[in-house]
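Structure assessment
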2 protein chains.
Amino acid sequence: MKTDIVRIDRGRREALRDCVADEVPLTIHINDEELLTVSCSPHDLKELSVGFLFSSGFVRSLAEIEAVKVDMKNWASYVKLKNKDIDKRMMFKRLYTPGCGKGALFYNPLDLMHRKTFGNGPAFESRKITGSMKIFQELAVTFRETGGVHSAALGDGERIVIFKEDIGRHNAVDKVIGAALAKGCGMEGMMFFTSGRVSSEIVLKVRKTGSCFIVSRSAPTDQAVKLARDLNMTLVGFARGQRMNVYSAKERIPHG
Amino acid sequence: MKTDIVRIDRGRREALRDCVADEVPLTIHINDEELLTVSCSPHDLKELSVGFLFSSGFVRSLAEIEAVKVDMKNWASYVKLKNKDIDKRMMFKRLYTPGCGKGALFYNPLDLMHRKTFGNGPAFESRKITGSMKIFQELAVTFRETGGVHSAALGDGERIVIFKEDIGRHNAVDKVIGAALAKGCGMEGMMFFTSGRVSSEIVLKVRKTGSCFIVSRSAPTDQAVKLARDLNMTLVGFARGQRMNVYSAKERIPHG
């Protein structure tokens, strides 16, 4: 929204109109039962719902989803699954242990079901990474307006194929995943871009897509680095201008 | 942790040792029942647990807590409440609707119980805000090392009284709240500082402390601005160097 603010600069005051990022509470339902509510930006809510269910391990493909309806008046989405007997305990488990379990560090039961270690996978020269990050930054229109959103994208080294923004860094990634699934756009062999910090949860989300390549403008955590190494995923952080830090599987970034 | 990375700069490669922020999964228990697991930085876990319970509305003062134990081996904390009959449905409600409800936008049942609109409250000249932010930045040692953590603090306009860092912006605020409660440090009349974006959830957390003054280096969302105006809280964003944007209750920032 546009709103009145006062800007103070070295004690001097100026009344201005400024843009702030919109936030709404989206309640996601599965088979008519409330699953959870997320604070998010009020667009691409279908993609967010589908992407969240996929990246959390509730569904493994679009084929498992019968229908998705979004109610923009009450900020609710309703996902009907073909399987009506989704395990409630697993839903709870997921809510109790977001992104991590008590047994094996950082794997919950749903994550364990989708375990996968990557082979050699695709390769991208560093100039393709910096080139893609440049486009990624240019596309971040809402960020430039508000300074209050994250962005995420999917790219093939030449083009950014899908680009999404959201006030939450997890949501932005989920929206990209949901949009890719809806378009039938294969994510294996693609690079995932994010403006946000990379925690273990982000690595686990991307892993499920089949992509083994994460590029972030920001920092990773130690668990993200360890997971990426375990899973043989390439994790690039602080990708800014011509620079980047490569934390794992650097052989996927050949010279050039 | 310290780890080996490859830094690429204009195609040139350099092997380096670099610092990344540590991440652990802390499972918080209430009265021996698992409540939830949060990804966090592995320090101040007692403060995080108490602060989370307070800022989520489970407890309203330290007096309601009988004991807190932290198990650093299994990354678990156990909070014993004096009231053994904490309403489980409310716990679920909270988990189902983090920071927002379906009825009144952005209020869950627990939030409604703690409703409060502020009176005139304290005043801080803009030079006190910029001065405090300068100290706040200087204290952000882990951020300078890793680029991967947020910070939060409590200050009286002269000094930063409590300062905490965490990989999560919510956790950093919760740690400050937990530390303030443990020290018996009154939060009314104090300023809350955060490096992170201010969503409605952050405003609701701070509101519960009795502080009506939030200063952030980053952007607020529209809901945060609306809530701050409704509650008569002062919300300052983009506080960087000598500049800041004031979104609400600007009369608490007198000239000077």
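Our structure is the block above this text.
Residues numbered from 1 in each chain as written. Chains lettered and ligands numbered in written order. Predicted model: local features only at pLDDT ≥ 70, side-chain atom pairs only at ≥ 80, totals over all residues. Heavy atoms only, no water.

1. Structural notes on the relation of the copies chain A and chain B
The condition is simple: Here the copies are superposed with least squares, the fitted atoms being C-alpha atoms of residues at a pLDDT of at least 70 in both. Note on definitions: a residue-residue contact is assigned when non-hydrogen atoms from the two residues lie within 4.5 Å.
Take chain A, turn it by 180°, move it 0.0 Å along the axis, and it overlays chain B with an RMSD of 0.0 Å. In the structure described here, the two chain copies are related by an operation that fits a two-fold rotation axis. A share of 100% of the interface residues of chain A reappears at the interface of chain B, consistent with the copies meeting face to face through the same patch.

2. Details of the nonpolar core
Applied cut-off: Buried residues of nine kinds, namely Ala, Val, Leu, Ile, Met, Phe, Trp, Tyr and Cys, make up a nonpolar core once their side-chain atoms join them within 4.5 Å. Residue exposure (1.4 Å probe, protein chains only): buried if accessible area is under 20% of the type maximum, exposed if over 50%, otherwise partly exposed. By definition, any uninterrupted DSSP run of H or I lasting at least four residues is a helix, any uninterrupted run of E lasting at least two residues is a strand, and each is numbered from the N terminus.
Residues Leu53, Leu154, Phe192, Val203, Met233 and Leu235 of chain B are the most contacted members of the largest nonpolar core, which totals 56 residues. At seven residues, the largest contribution of residues to this core is made by helix α6 (residues 169–183) of chain B. In this structure, leucine 53 of chain B is in contact with Ile30, Leu35, Phe58, Val59 and Val79 of chain B, ignoring residues within four places of it in sequence. Residues Leu45, Phe52, Leu81 and Val176 of chain A belong to the second largest nonpolar core, which totals 54 residues.

3. Points about unusual backbone geometry
Even without glycine at this site, asparagine 31 of chain A takes up a positive phi of about 45°. For aspartate 44 of chain A, which is not glycine, the phi dihedral falls at a positive 55°.

4. Focus: the packing of helix α7 (residues 200–209) of chain B against helix α8 (residues 222–230) of chain B
Residues and elements named next belong to chain B. Quick reminder of the rule: Fitting a line to C-alpha atoms yields each axis, with helices limited to the stretch in contact; the angle taken between N-to-C directions then spans 0 to 180 degrees. Throughout this description, any angle smaller than 35 degrees is read as roughly parallel, any larger than 145 degrees as roughly antiparallel, any in the 65 to 115 degree range as roughly perpendicular, and the remainder as oblique.
In the contact formed by α7 and α8, the axes pass within 7 Å of each other and the chain directions differ by 30°. As the angle between them shows, α7 and α8 are arranged roughly parallel. Residues Ser200, Val203 and Leu204 of α7 form the contact with α8, whose participating residues are Gln223, Ala224, Leu227 and Ala228.

5. Here's the deal with the pattern of salt bridges
Once the charged atoms of two side chains with opposite charge are near each other, the side chains can pair. All names here are of chain A. Condition: By salt bridge we mean one thing: a side-chain nitrogen of Lys or Arg within 4 Å of a carboxyl oxygen of Asp or Glu.
One pass over the structure, following the stated rule, counts 20 salt bridges over all chains. The residue aspartate 4 makes a salt bridge to arginine 17 at a minimum N-O spacing of 3.3 Å. Separated by 13 residues along the polypeptide, aspartate 4 in strand β1 (residues 2–9) and arginine 17 in strand β2 (residues 12–19) bring together distant segments of the chain. A residue is classified by how much of its surface remains accessible, and arginine 17, at 49% relative accessible area, is partly exposed. Shared partners join several salt bridges into a network, and the residues in it are Glu125, Lys128 and Glu158.

6. Re the environment of alanine 153 of chain A
Turning to its location among the elements, alanine 153 of chain A is positioned in strand β7 (residues 150–155). The spacing of alanine 153 of chain A and lysine 73 of chain A is 80 residues in sequence and 28 Å in space, taken between C-alpha atoms.

7. Describing α6 of chain B
Residue and element names in this part refer to chain B. For the record, the criterion: Here the expected length of a helix is defined as 1.5 Å per residue gap, with one fewer gap than residues.
In a regular helix each residue adds 1.5 Å, so 15 residues correspond to 21 Å; α6 covers 22 Å between its end C-alpha atoms and thus fits that length. Within α6, 12 of the 15 residues are buried, which leaves the element mostly enclosed by the surrounding structure. All of the buried residues along α6 are Arg169, Asn171, Ala172, Val173, Asp174, Lys175, Val176, Ile177, Gly178, Ala179, Ala180 and Leu181. Each element contacted by the buried residues of α6 is listed here: β4 (33–40), α1 (45–55), β7 (150–155), β8 (160–166), β9 (191–194) and α7.

8. What to know about the pairing of strand β6 (residues 76–81) of chain A
Consecutive side chains of a regular strand alternate in pointing toward one face of the sheet and then the other. All names here are of chain A. For the record, the criterion: Following DSSP output, two strands are said to pair if at least two bridges run between them.
When strand β3 (residues 24–30) meets β6, the two strands line up parallel, connected through four bridges. From the neighbouring strand, isoleucine 28 faces β6, where its bridge partner is serine 77. As paired strands, strand β5 (residues 65–71) and β6 are joined by six bridges and run antiparallel to one another. Bridge assignment links valine 68 to a residue of β6, and that residue is valine 79. Connecting the antiparallel pair β5 and β6 is a turn made up of four residues, with tryptophan 75 showing a positive phi of about 50°.

9. Observations concerning the side chain of serine 49 of chain A
Residues and elements named next belong to chain A. For clarity, the cut-off: Nitrogen and oxygen atoms within 3.5 Å of one another constitute a polar contact, given that in protein one can donate a hydrogen and the other can accept it, and given that sequence-neighbouring residues count only through two side-chain atoms.
Here serine 49 is to be found in helix α1 (residues 45–55). According to the relative accessible area criterion, serine 49 is buried, its value standing at 0%. Here serine 77 takes part through its side chain, which lies 2.8 Å from a polar atom of the side chain of serine 49. Those residues in contact with serine 49 that lie beyond four places of it in its chain are Leu26, Ile28, Ser77 and Val79.

10. Observations concerning the packing of helix α6 (residues 169–183) of chain A against helix α7 (residues 200–209) of chain A
To describe two helices that pack against each other, one gives the angle between their axes and the distance between the axes. Residues and elements named next belong to chain A. To keep it simple, the criterion reads: Classes in brief: Ala, Val, Leu, Ile, Met, Phe, Trp, Tyr, Cys and Pro nonpolar; Asp, Glu, Lys and Arg charged; the others, Gly included, polar.
At a minimum axis separation of 11 Å, α6 and α7 run at an interaxial angle of 0°. The angle between α6 and α7 places the two elements in the roughly parallel class. Between α6 and α7, the residues in contact are Arg169, His170, Val173, Asp174 and Ile177 and Glu201, Ile202, Lys205 and Thr209, respectively. Among the residues making up the contact of α6 with α7, the classes are represented as three nonpolar, two polar and four charged.

11. Re the environment of glycine 11 of chain B
Structurally, the position occupied by glycine 11 of chain B is in the loop between β1 (2–9) and β2 (12–19). In this structure the C-alpha to C-alpha distance between glycine 11 of chain B and glycine 178 of chain B, which are 167 residues apart in sequence, comes to 46 Å.

12. Things to note about the sheet that holds strand β8 (residues 160–166) of chain A
In any sheet, the strands associate via hydrogen bonds between backbone groups, in a parallel or an antiparallel arrangement. Spatially, the eight strands line up as an open sheet ordered β8(A)-β7(A)-β9(A)-β10(A)-β11(A)-β12(A)-β1(B)-β2(B), and their pairing is mixed. Across the chains shown, the open sheet's two edge strands, defined by having one partner strand only, are β8 of chain A together with β2 of chain B. This sheet shows a mean twist of 25° between the axes of neighbouring strands, independent of strand direction. Bridge analysis of β1 of chain B against β2 of chain B gives eight bridges, and the strand direction is antiparallel. Its bridge partner lying in β2 of chain B, arginine 7 of chain B is registered against glutamate 14 of chain B. Strands β7, β8 and β9 (191–194) of chain A of the sheet are contacted by α6 of chain A, whose axis makes an angle of about 140° with β8 of chain A. On top of the sheet, helix α8 (residues 222–230) of chain A reaches β11 (234–240) and β12 (243–248) of chain A together with β1 of chain B; it is set at about 65° to β12 of chain A, its chief contact.

13. Quick notes on the packing of aromatic side chains
For clarity, the cut-off: Between the rings of Phe, Tyr and Trp (Trp by its six-membered ring), a pair exists once the centres lie within 6.5 Å; its type follows the angle of the planes, with under 30 degrees stacked, over 60 edge-to-face, and the other angles tilted.
Enumeration according to the criterion identifies six aromatic pairs over all chains in this entry. Pairing phenylalanine 136 of chain B with phenylalanine 163 of chain B gives two aromatic rings, centres 5.6 Å apart and planes at 70°, and the pair type is edge-to-face. You can see phenylalanine 136 of chain B sitting in helix α4 (residues 126–139) and its partner phenylalanine 163 of chain B sitting in strand β8, a full 27 residues away along the chain. Here phenylalanine 136 of chain B and phenylalanine 163 of chain B have matching classes, each one buried. Between the aromatic rings of phenylalanine 136 of chain B and phenylalanine 193 of chain B, the centroid separation amounts to 6.0 Å while the plane-to-plane angle is 35°, which identifies the pairing as tilted. Taken as a pair, phenylalanine 136 of chain B in helix α4 and phenylalanine 193 of chain B in strand β9 lie far apart in primary sequence, 57 residues in all. Taken as a pair, phenylalanine 136 of chain B and phenylalanine 193 of chain B share a single burial class, namely buried. These aromatic residues form a ring-pair network of at least three members: Phe136, Phe163 and Phe193 of chain A.

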